[in-house]
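This is what each chain is made of:
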Amino acid sequence: MKNIILTIICLLTLATARAQDYKTETGEVVFFSSAPVEDIKAENNAVTGLFNTETGSLAFLVPIKAFRFPKSLMQEHFNEKFMESEKYPEATFDGKLSGYSQSETGSQDAHAEGKLTIHGVTVDYGISGTLLIDDDQIKMEAVFPVKLEDHNIQIPSVLFYNIAEEVEVTANFVFEEIKK
Amino acid sequence: MTRKALLLFFLLSNFVLPAGAQENLLDQLKSESKADSDWKSPTSTFKAVRLINGHTVETRRKGNLEFLISHRFGRVNTGAYQFFGMDQANMRLGLDYSLEDWLTLGIGRNSFNKLYDGFVKIGIHRQGQSKTNLPISIIWVSNTSINTLRRPELPMNLERRLRYSHQMLLASKLNQLAAIQLMPTYVHQNLVSERSGENGLFALGAGASYRVTRSIHVTMEYYHRFTNENNGSTNPLSFGVDIETGGHVFQLHLTNSQQMTETGFLPSTTGDFFKGDIHFGFNITRNFQLTKPD
């Protein structure tokens, strides 16, 4: 009897270990600001993320200094004036993904709910995107607007750059299964 | 007994480990994050490539061309007749081009003495960007200037027109607001005004910048010259305000010096700041990104 219980527990443990964690270290986040004078686009390919298929927990971390701009001076101003990246070196998301089926292999819609922290200000977001589950990869893509005001990001009054008060953020992650 | 231990182990691994991994995905990411939150490696030390008259450790990144327009007006104590110095303007037009992140070349033309200047600015170390985490940036600047003023009373060959300066700039960004800089400098003049005059001159400069708002900084710059000569020249002292507006930096200042190159303002400043021999001046920079950043 004891042996049976032990075996069941062992099997359960194995099953839990299979509840898979997926990870990315090269997630891409792009933001696009469209304004009359100038369109500004910046890319970041150093986003890290973790996703658990069992619970749907999703988290990602965006190192602010890793955004690349078409002009190096813009990058400096973005870090120093807007994001204050010395004080707030990263933007984070902590939430849950829902509305998807684990067995579906094609592209499907999914919805993420969670807390997005940018510039030290946390705001609840609901983000809709697409999800593609492969054998050992999970691809996620989402486009959503971020209002600078929501995160207390102020545009300095003497700055000549024209920056939209709402920027479009595109997130593109390819999660790989964490091999145990 | 061993079975119980085994059982306990599996139970523990079942509940404790996965629970920890699941609940704190973000904490897990944060603990692995490499983003630095302190002053190890600031994005910039000063707002502009010039402090006031001299250089800062700041250079633009590779492929950036910086156009500088600088003016120094006459002395404010010349009174209303000279419109407090505004009638006499001394101008420098300059171009700085960054071939690499660590290498900038520059040229300039000054109306004073019809002087041309050229310099090379070499980055040796950037604050926090080495294994030693040295909290200073080190830059070398070498400058040559050619005075092309016609002097009928003196046969001016090329050698007599040349002056050189070499500087080691040492700067540290102390925190989000303040940065300081030291500038040990050597200036060599091929031609000096008096027969007994020394050709070589050592000076130690000190500068600082303090952030008032996100776009406005106040600055100061002082050079102490180690010289025994008593030819009426003085130590350059300047106070300024930097206003940054994106692609431009506007630098407004008050200085006792009328020249804008190290080979000029170090040996040849004659104003006494505290007797009102003050020149109002400005530098305006415009940045152009010529090649895409890597």
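Because the structure is a prediction, the values reported are computed rather than measured.

A. Local environment of the overall build of chain B. Counting its secondary structure elements, chain B contains 4 helices and 12 strands. Counting every position in chain B, which comprises 294 residues, the buried fraction comes to 35%.

B. Representation of the overall build of chain A within the structure. In terms of regular secondary structure, chain A is built from 2 helices and 8 strands. Ordered by position in the sequence, the α and β elements of chain A form the string α-β-β-β-α-β-β-β-β-β. Across the 180 residues that make up chain A, the buried fraction comes to 31%. For chain A, restricting intrachain contacts to residue pairs at least 6 apart in sequence, the fraction spanning at least 24 positions comes to 55%.

C. Structural detail: the sheet that holds strand S4 (residues 90-98) of chain A. Residues and elements named next belong to chain A. The 8 strands lie next to each other as S1-S2-S3-S4-S5-S6-S7-S8, forming a closed barrel whose pairing is antiparallel. In this sheet, adjacent strand axes meet at a mean angle of 25° when their direction is disregarded. The pairing of strand S1 (residues 21-34) with strand S8 (residues 166-177) spans 7 bridges and is classified as antiparallel. In the sheet register, Phe-32 faces S8, and the bridge partner there is Glu-168.

D. Local environment of the confidence of the model for chain B. All names here are of chain B. With 90% of its residues at a pLDDT of 70 or more, chain B has an overall mean of 89. In this model residues 16-22 is a low-confidence stretch, pLDDT under 50, and it forms 6 contacts with partners more than four residues away in sequence or in other chains. Two numbers describe this predicted complex: its pTM, 0.82, and its ipTM, 0.79.

E. How the structure looks around the environment of Val30(A). Residues and elements named next belong to chain A. By secondary structure assignment, the location of Val-30 is in strand S1. For Val-30, a count of 17 C-beta atoms within 10 Å translates into the label partly exposed. As a C-alpha pair, Val-30 and Asn-152 span 122 residues in sequence and 20 Å in three-dimensional space. Not counting residues within four places of it along the chain, the set of residues in contact with Val-30 comprises Lys-41, Glu-43 and Thr-170.

F. Quick peek at the environment of His111(A). Residue and element names in this part refer to chain A. Position of His-111 among the secondary structure elements: in strand S5 (residues 107-118). The sequence separation of His-111 and Leu-97 amounts to 14 residues, and the corresponding C-alpha distance is 5.6 Å. Look past the residues within four positions of His-111 in its chain and what remains in contact with it is Ser-98, Gly-99, Gly-126 and Ser-128.

G. Spotlight on the sheet that holds strand S6 (residues 162-173) of chain B. Residue and element names in this part refer to chain B. The strand order around the closed barrel formed by 12 strands is S1-S2-S3-S4-S5-S6-S7-S8-S9-S10-S11-S12, and the pairing between neighbours is antiparallel. Across the sheet, the axes of successive neighbouring strands diverge by a mean angle of 20°, strand direction being ignored. Across 7 bridges, strand S10 (residues 237-244) lies against strand S11 (residues 248-255) in antiparallel orientation. For Ile-243, the partnering residue across the bridge sits in S11 and is Phe-250.

H. Expanded view of the pairing of strand S3 (residues 57-63) of chain A. All names here are of chain A. Buried residues dominate S3, accounting for 6 of its 7 residues. Across 4 bridges, the pairing between strand S2 (residues 39-52) and S3 is antiparallel. Residue Gly-49 lies in a different strand from S3, and its bridge partner there is Phe-60. Between S2 and S3, which pair antiparallel one after the other, the connecting turn spans 4 residues, and Gly-56 there sits at a positive phi close to 80°.

I. Seen up close, the pairing of S8(A). Pairing of strand S7 (residues 137-147) of chain A with S8(A) involves 11 bridges; the strand directions are antiparallel. Paired with Lys139(A) across the strands is Val174(A), a residue of S8(A).

J. Layout of the nonpolar core. Membership of the largest hydrophobic core comes to 38 residues, with the highest contact counts inside it found for Phe51(A), Ala59(A), Phe60(A), Val62(A), Ile138(A) and Leu29(B). Sort the elements by how many residues they give to this core and S3(A) lands first, with 5 residues. Not counting residues within four places of it along the chain, the set of residues in contact with Val62(A) comprises Val29(A), Asn44(A), Val47(A), Glu90(A) and Ala91(A). Counting residues in each nonpolar core, the second largest holds 14 residues, with Leu51(B), Ile52(B), Ala179(B) and Met183(B) among its members.

K. Structural view of helix H2 (residues 25-32) of chain B. Looking at H2(B), one finds that the buried residues are Leu25(B), Leu26(B) and Leu29(B). Looking down the long axis of H2(B), one finds its buried residues gathered within 95° of arc, a one-sided arrangement. Exposed side of H2(B), more than 90 degrees from the buried face: Asp27(B) and Ser31(B) are the residues found there. Check the buried side of H2(B) and you find it contacts S2, S3 and S4 of chain A.

L. A look at the confidence of the model for chain A. Here chain A averages 87 in pLDDT, and 87% of its residues register 70 or above. Below a pLDDT of 50 lies the segment residues 14-18 of chain A, which in the model reaches 3 contacts outside its immediate sequence neighbourhood of four places, other chains included.

M. Focus on helix H2 (residues 72-82) of chain A. The element H2(A) is largely enclosed, with a buried count of 8 among its 11 residues. Every buried residue of H2(A) is listed here: Ser72(A), Leu73(A), Met74(A), His77(A), Phe78(A), Asn79(A), Glu80(A) and Phe82(A). For H2(A), the secondary structure elements touched by its buried residues are S2 of chain A together with strand S1 (64-75) and strand S12 (279-289) of chain B. Two residues or fewer past H2(A), Glu84(A) is found with a positive phi of approximately 45°.

N. Layout of the environment of Ala42(A). With respect to the helices and strands, the residue Ala42(A) is situated in strand S2. Considered as a pair, Ala42(A) and Glu166(A) are 124 residues apart in the sequence and their alpha carbons are 14 Å apart.

About the criteria used
- Residues numbered from 1 in each chain as written.
- Chains lettered and ligands numbered in written order.
- Predicted model: local features only at pLDDT ≥ 70, side-chain atom pairs only at ≥ 80, totals over all residues.
- Helix = DSSP H or I, 4+ residues; strand = E, 2+ residues; numbered from the N terminus.
- Buried ≥ 20, exposed ≤ 12 C-beta atoms within 10 Å, placed from the backbone.
- Contact = placed C-beta atoms within 7 Å.
- Pairing = 2+ DSSP bridges.
- Axes fitted to C-alpha atoms, helices over the stretch in contact; angles between N-to-C directions.
- pLDDT = per-residue confidence, 0-100.
- Core = buried A, V, L, I, M, F, W, Y, C linked by C-beta atoms within 7 Å.
- Arc of directions from axis to C-beta.

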